[in-house]
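An overview of the molecular structure
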Amino acid sequence: MQGKKILYVHGFCSSGQSGTVTRLRDIFPNTTIVAPDLPIRPTEAVELLRQTCEEEKPDLIIGTSMGGMYAEMLHGHHRILVNPAFEMGKTMGKNGHIGKNTFFSPRQDGVQEFIITKSMVKEYEEITQQCFSNVTENERKELVFGLFGDADPVVHTYDLFHNHYPNAIRFHGEHRMNDDIVRHALVPVIRWIDDKQEGKERPTVLISIDALRNKHNDQHPGAVKAFRELAESYNVFIIADSPTAYPAYIGEVQEWAQEFINVYAHNHIIFCNRKNLMLGDYLIDPSEDNGADEFMGTLIEFGSDKFKTWEETMEFFGRLGGQ
């Protein structure tokens, strides 16, 4: 996102000075992060955000929790909604937010506490009814991603989001984002969006599922770390066979990838019985079978004397410098 602008929309009890904003500024030092403190009343918050979009013209909007609910309404922009609270009124009542609340992070106006009344809860219930309205087909398919913690104890809106948008992704984590979630759930999606905006075609690395795990389905040492590092410079896909005699294998591969590769595997799994038909720059595979020996790019035979481990494989890619 070099030279671009991200609008960050914070969650309930938070502010534009949240830890997530600090992490994003550290990871993307050449990107402008706009993070306004939101008014407590939802109609005022939406008005401020729409005005901010008009003035700042962000390249990407990221909203978390309550901010994800607001971000969904900001049509025409690429958006990432993290654990979006589409049922904000119910969530506030269920989690005991009626009454006095304290902000988790400091606000520019210096206010530390605020009051939520039952009438304000009603306002939040009314504003959430505006979600998913006037969604165009382009918005639905291309502009909006949802990230959902698989251990979130607060918000459970994956199915609601997925009814309207196909890019619903589960990540390993709870409601609030920590450094690991930002780096390995949020940042990959930011990079996908940035590449799309820039029309950037990264070199493609195809990795056989058998190079990532052993016959007991345990990951090879360093495999997940290597996958993440490669994804910083390459377009990385998992490639697996599609056996007609064992159709359950496809689901099993998807489950394994979700568990271990997680967000990086979203829309990045290919099932193909002839690897020489795949277009790519590199194929990492422990076998020359199923057309791997005829692959048109560079075949890296994982487990061979030259590429016995993922550490040795990554040394090779380190010398390439992303080429």
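Now for a description of the structure that goes with this document.

1. Observations regarding the packing of helix α2 (residues 42–56) against helix α5 (residues 118–128)
Contact pair α2 / α5: the axes reach a minimum separation of 9 Å and the direction vectors enclose 45 degrees. Considered as vectors, α2 and α5 are oriented oblique to each other. Only E123, Y124 and I127 of α5 make contact with α2, whose side of the interface consists of P42, T43 and V46. Grouping the amino acids of the contact of α2 with α5 by side-chain chemistry returns four nonpolar, one polar and one charged.

2. Let's talk about helix α1 (residues 19–27)
Among the residues of α1, T20, V21, L24 and I27 are the ones counted as buried. The arc enclosing the buried residues of α1, seen along the axis, measures out at 130 degrees, which places them on a common side. Buried-residue contacts for α1 involve β1 (5–9), β2 (32–34), β3 (60–64) and α8 (179–198).

3. Comments concerning the sheet that holds β1
On the basis of which strands lie adjacent, the open sheet formed by six strands has the order β2-β1-β3-β4-β7-β8 and parallel pairing. A strand with exactly one partner marks an edge of an open sheet, and here the two such strands are β2 and β8 (168–171). The average angle at which neighbouring strand axes cross in this sheet is 20 degrees, direction not considered.

4. Considerations on the pattern of salt bridges
Across all of its chains, the model carries 16 salt bridges by this definition. Between D194 and K4 there is a salt bridge whose closest N-O contact spans 2.9 Å. One end of the pair, D194, is in helix α8; the other, K4, is in the segment before β1, and 190 residues separate them in sequence. For D194, a relative accessible area of 14% gives the class buried. Taking the shortest distance from any N to any O, the salt bridge between K308 and D305 comes out at 3.8 Å. Residue classification places D305 among the exposed residues on the basis of a relative accessible area of 71%. Three or more residues joined by partner-sharing salt bridges are found here, namely K4, D194 and E198.

5. Side note on the environment of I238
Within the secondary structure layout, I238 lies in strand β10 (residues 235–240). Beyond its immediate stretch of four places on either side in the chain, I238 contacts I207, I209, L212, F227, A257, I261, A265, H268, I269 and I270.

6. Focus on the nonpolar core
With 39 residues, the main nonpolar core has M69 and Y70 as its most contacted residues. Aside from chain neighbours lying at most four places away, what touches Y70 is V9, L38, P42, A45, V46, L49 and Y124. One finds V236, A240, A257 and I284 within the second-largest nonpolar core, a separate group that totals 31 residues.

7. With respect to unusual backbone geometry
Despite not being glycine, F132 has its phi angle at roughly 65 degrees, a positive value. Residues other than glycine seldom take positive phi values, yet N217 does so here, at roughly 70 degrees. Within the secondary structure layout, N217 lies in the loop between α9 (209–212) and α10 (223–231). When its relative accessible area of 31% is taken as the criterion, N217 is described as partly exposed.

8. As for the packing of aromatic side chains
A ring pair, where both rings are aromatic, is described by two values, the distance of the centres and the angle of the planes. For the structure shown, the criterion picks out 17 aromatic pairs. Ring geometry for Y234 and F317: centres 5.5 Å apart, planes at 75 degrees, overall edge-to-face. One end of the pair, Y234, is in the loop between α10 and β10; the other, F317, is in helix α12 (residues 310–320), with 83 residues separating them in the sequence. Classification of F317 by relative accessible area gives buried; the value is 4%.

9. Here we look at the pairing of strand β7 (residues 144–149)
Buried residues dominate β7, accounting for six of its six residues. Burial of the side chains of β7 extends over both faces: V144, G146 and F148 are buried on one face and F145, L147 and G149 on the other. The sheet contact formed by strand β4 (residues 79–82) and β7 spans four bridges and is parallel. Across the sheet, V82 pairs through a bridge with L147, a residue of β7. For β7 and β8, the ladder comprises four bridges, and the chain directions are parallel. Opposite G146, over in β8, you have A168 as the bridge partner.

10. Examining the packing of α10 against α12
At their nearest, the axes of α10 and α12 sit 10 Å apart, and the two run at 15 degrees to each other. The angle between α10 and α12 places the two elements in the roughly parallel class. Regarding α10 and α12, the two cross each other, and that crossing is left-handed. Each of A223, A226, E229 and L230 in α10 lies in contact with α12, whose residues at this interface are W310, M314 and F317. Considering only residue class, the contact of α10 with α12 consists of six nonpolar, no polar and one charged.

11. A look at the sheet that holds strand β11 (residues 269–271)
Reading across the sheet, the five strands line up as β11-β10-β9-β12-β13 and stay open at both edges, with parallel pairing between neighbours. The outermost strands of the open sheet, each flanked by one partner alone, are β11 and β13 (298–301). Adjacent strand axes in the sheet meet at a mean angle of 25 degrees when their direction is disregarded. In this sheet, β13 lies alongside strand β12 (residues 282–285) in parallel orientation, the contact comprising four bridges. When the bridges of β13 are listed, L283 appears paired with L299. Contacts from helix α11 (residues 248–260) reach β10 and β11, with the element oriented near 165 degrees to β11. Packing of α12 onto the sheet brings it into contact with β9 (204–208), β12 and β13, and relative to β12 it is tilted by some 170 degrees.

About the cut-offs
Residues numbered from 1 in each chain as written. Predicted model: local features only at pLDDT ≥ 70, side-chain atom pairs only at ≥ 80, totals over all residues. Heavy atoms only, no water. Axes fitted to C-alpha atoms, helices over the stretch in contact; angles between N-to-C directions. Helix = DSSP H or I, 4+ residues; strand = E, 2+ residues; numbered from the N terminus. Parallel < 35°, antiparallel > 145°, perpendicular 65-115°, else oblique. Contact = heavy atoms within 4.5 Å. Nonpolar A, V, L, I, M, F, W, Y, C, P; charged D, E, K, R; others polar. Buried < 20%, exposed > 50% of the residue type's maximum accessible area, 1.4 Å probe, protein only. Arc of directions from axis to C-beta. Pairing = 2+ DSSP bridges. Salt bridge = Lys/Arg side-chain N within 4 Å of Asp/Glu carboxyl O. Core = buried A, V, L, I, M, F, W, Y, C linked by side-chain atoms within 4.5 Å. Phe/Tyr/Trp six-rings, centres within 6.5 Å; stacked < 30°, edge-to-face > 60°. Left-handed = near helix turned anticlockwise from the far one by under 90°.

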